[in-house]
Amino acid sequence: MAEECFNASLLEKEYSTVPQHEEENSLALVVPLDQNAPIIASYNDRIRPLLDAVDSLRHLMITREGIQLPTIVVVGDQSSGKSSVLESLAGINLPRGQGICTRVPLIMRLQHQPLPQPELVLEFNGKVVKTDEEHVSEAINRATDEIAGLGKGISNAPLTLEVRKNGVPDLTMVDLPGITRVPVHGQPEDIYDQIREIIMEYITPEESIILNVLSATVDFTTCESIRMSQMVDKSGERTLAVVTKSDKAPEGLLEKVTADDVNIGLGYWEFLFWHKGWCKFKQRVLARNLPAIVKSINEKLNLNVAELKRMPKKMSSLSEAMTVFMQIIGSAKESLRKILLRGEFDEYPDEKKMHCTARLVEMLNQYSDELHTNAAGNPAKNFLMEEIMRKVNGISSIPTSFAEKVWNYVEEVVISVIMRHSDKYHQLQLPFRRAGHNLIAKMKERSVNWVMEIVEMEKQTDYTCNPEYLSDWNKLMGQQDFFMKEVLNDEEWPSKVKLEGFGEIEVEKLRQFPHVLQQAFDMKMRMTAYWKIVLRTIG
């Protein structure tokens, strides 16, 4: 079985091993094995094509489509021994020094090849730079300086190192900057926050396998990399650990690993031997993620194919272009008839803004309410004192504002419909939008001018032939005798008189004008009856 490719009981006849613990979280010790061993070669033949496929997808930047790929992400506190772990895998020397050695995400793509001459290639900022084992460390430093700048700052832009070499495992890993809390000279004050942001970006996806490099000399529960891992993988099901510096560890390392106080679900591996157990994790990662990746790719492919089918066919003549143009105009006109005239909204079932008949009714109701509210005011206030004043001026701006509001809404709807029907022909959309705007602007101008003419007519005239005028005036004048009697009553002198349609009227100041009171009352009732006709005309 592939998962048993390094099981001691299966290989003890051919290879020497040291004892292994049975517990899942015990420290695994496996001796080096020959890459050409039949069982290893068979496993590589099965897994390597899958790894190549994943690397090809990564090279195609499929993650930009929202599809995450399985990735082993290497994290650890500064000076935990990450470089040693990666060097043991790749068989090359990585940059060393004080402070942060890894200043950018280093994507290491390792691939076993039978040729004796290794091939090393760096990719960054759109460049491809070939190097060799002797100069790879300097090449990485130069590339890092170009990406992150000179000094000790970091960058989130990745640097890819491809290593094709006999004896290396087929594996892709991402090495991230070592975690440090205290900035040294030349580092930004927020260096910890920058590193944390990069690490969280890479370890958060469910497809990421988090490889914690832990120094045996420290308390695992205090390691910052463990704390970050637990934030995104509380169960530890995609977290493993490689323990370094075990020769300097205090007594009780095995007990500490077995206890697993920090919940390392994929187990602990001792640095000297762990890289020979890489196949177990490749199988787990691929088996866990490939079905979901294939499903996501198929879904994206189907969406793109459907979108491709919706794209227009190439037009080869003017007549074909005119035919398409007229089809767009015709379909847009039919859609506008449905939503503006017939109240049919099947094309826009969930877009309330496009339910035009309902929206126009709402706008008309709001206009009517605003018009009557502004016109009514307080009918009992200054009763008979402003009858010689023109009332139309007070509401003359409301009808024109309403006309502009309606046409602005109609323009928005018309443009939206035209854009929807011409979405396959982007080169036509700007001319369509401009033509629609110009057409609506002319119609709006005519409509507003017409409304203004109506308002001006009402300002200039004070008569009407509407038969309802006399009916309303006679009804109002039926209260004149009662009103005059109450106002001129010498015995009680009431301060207020209640009139139907006006409420309680202040009448004390009216007693100063008894000789014109009857004429003023008649004028008030005529204006009230006439005002109803005005509101009907412009409302």
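Computed from a prediction, not measured in an experiment: that's the story for all the values here. (Residues numbered from 1 in each chain as written. Predicted model: local features only at pLDDT ≥ 70, side-chain atom pairs only at ≥ 80, totals over all residues. Heavy atoms only, no water.)

## Section: the overall build of the protein chain
- Counting secondary structure elements, the protein chain contains 16 helices and 12 strands.
- Within the protein chain, contacts between residues at least 6 apart in sequence are counted, and of these 75% link residues at least 24 apart. (Helix = DSSP H or I, 4+ residues; strand = E, 2+ residues; numbered from the N terminus. Contact = heavy atoms within 4.5 Å.)

## Here's the deal with unusual backbone geometry
- For Asn 125, which is not glycine, the phi torsion reads 50° and is therefore positive.
- Here Asn 125 is to be found in the loop between β4 (119-124) and β5 (127-131).

## With respect to the packing of helix α10 (residues 318-342) against helix α12 (residues 397-421)
- Following both chains from N to C, one finds α10 and α12 inclined at 135°, their axes separated by 9 Å at the closest point. Considering the angle they form, α10 stands oblique to α12. Between α10 and α12 lies a crossing whose hand is right-handed. On the side of α10, the interface is formed by Ile 328, Ser 331, Ala 332, Ser 335, Leu 336 and Ile 339, while α12 contributes Val 413, Val 414, Val 417, Ile 418 and His 421.
- In the contact of α10 with α12, the residues fall into 8 nonpolar, 3 polar and no charged. (Axes fitted to C-alpha atoms, helices over the stretch in contact; angles between N-to-C directions. Parallel < 35°, antiparallel > 145°, perpendicular 65-115°, else oblique. Left-handed = near helix turned anticlockwise from the far one by under 90°. Nonpolar A, V, L, I, M, F, W, Y, C, P; charged D, E, K, R; others polar.)

## Details of the packing of aromatic side chains
- Tallied over the entire structure, the rule returns 3 aromatic pairs.
- Their ring planes at 20° and their centres at 5.9 Å tell us that Phe 220 and Tyr 268 sit as a pair that is stacked. Taken together, the positions of Phe 220 in the loop between β8 (208-215) and α6 (224-232) and Tyr 268 in strand β10 (residues 268-270) put the pair 48 residues apart, joining distant regions of the chain. Across the pair, Tyr 268 and Phe 220 agree in class, each one buried.
- Positioned over the ring face of Tyr 192 is Arg 181, at 4.3 Å from the centre of the ring.
- Directly above the ring of Tyr 348 sits Arg 420, whose terminal nitrogen or CZ lies 5.0 Å from the centroid. (Phe/Tyr/Trp six-rings, centres within 6.5 Å; stacked < 30°, edge-to-face > 60°. Buried < 20%, exposed > 50% of the residue type's maximum accessible area, 1.4 Å probe, protein only. Lys NZ or Arg CZ within 6 Å of the ring centre and 35° of its normal.)

## Some thoughts on the packing of helix α5 (residues 191-203) against α6
- Where α5 contacts α6, the axes come no closer than 10 Å and their chain directions differ by 45°. Considered as vectors, α5 and α6 are oriented oblique to each other. The handedness of the crossing between α5 and α6 is right-handed. For the pair formed by α5 and α6, the contact residues are Tyr 192, Arg 196, Ile 199, Met 200 and Ile 203 on the first element and Glu 224, Arg 227, Met 228, Ser 229, Met 231 and Val 232 on the second.

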